[in-house]
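Next come the chains, spelled out residue by residue.
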Amino acid sequence: MNLKHSISAISIAALAACSHIDPLETPLAQSAIQHQTPLTDQAVIADTVGHSAVGATALAWANPSTGSAGVIEQIDASNDGPDGCRGFVTSRQSLDGITRFNGVACPSGDSWKLGAQ
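Residues numbered from 1 in each chain as written. Predicted model: local features only at pLDDT ≥ 70, side-chain atom pairs only at ≥ 80, totals over all residues. Heavy atoms only, no water.

For the protein chain, an unreviewed UniProt entry supplies the name Surface antigen domain-containing protein and the organism Rhizobium indicum.

What follows is the structure in structure tokens.
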């Protein structure tokens, strides 16, 4: 009987060890999750304006973080002054509806931001 109880105890311990499931986490997956910060629509629009040619028209933009999208209708060359800011007109389609607005995008370090510097 002692042998039978020992075998049972070992079997239960082995099954208990096998039933614990750790989630699969690789360094690459952890890195992607930790560094994923949602972008604002303003950041996506400013980046699109900043990386496009002055005078460009009909530039589509989309933000997967918010589900919003739109079209930059024009980038105004008259606002491309010494500070590098650019005026633009864009639409924005979101769950709230469709809006159209004028804005200014200015360089800010390695990125672009909406509004004056």
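Draft legend 1. The environment of Val54, seen in detail. Relative to the helices and strands, Val54 is located in the loop between helix H3 (41-50) and strand S1 (59-63). When the C-alpha positions of Val54 and Asp76 are compared, they lie 6.4 Å apart, and in sequence the two are 22 residues distant. (Helix = DSSP H or I, 4+ residues; strand = E, 2+ residues; numbered from the N terminus.)

Draft legend 2. Quick peek at the state of the cysteines. Following the criterion strictly, the structure yields 1 disulfide and no others. Paired through a disulfide, Cys85 and Cys106 show a sulfur-sulfur distance of 1.9 Å. Judged by the sign of its S-S torsion, about 115°, the cystine formed by Cys85 and Cys106 is right-handed. Linking Cys85 in the loop between strand S2 (68-76) and strand S3 (86-94) with Cys106 in strand S4 (residues 97-108), this pair joins segments that are 21 residues apart in sequence. For Cys85, a relative accessible area of 5% corresponds to the buried category. (Disulfide = S-S within 2.5 Å. Buried < 20%, exposed > 50% of the residue type's maximum accessible area, 1.4 Å probe, protein only.)

Draft legend 3. Looking closely at the sheet that holds S1. Strands sit in the order S1-S2-S3-S4-S5 across an open sheet of 5 strands; the sheet is antiparallel. Each having just a single partner strand, S1 and strand S5 (111-114) make up the two edges of the open sheet. Taking each pair of neighbouring strands and ignoring which way they run, the sheet shows an average axis angle of 35°. The pairing of S3 with S4 spans 9 bridges and is antiparallel. (Pairing = 2+ DSSP bridges. Axes fitted to C-alpha atoms, helices over the stretch in contact; angles between N-to-C directions.)

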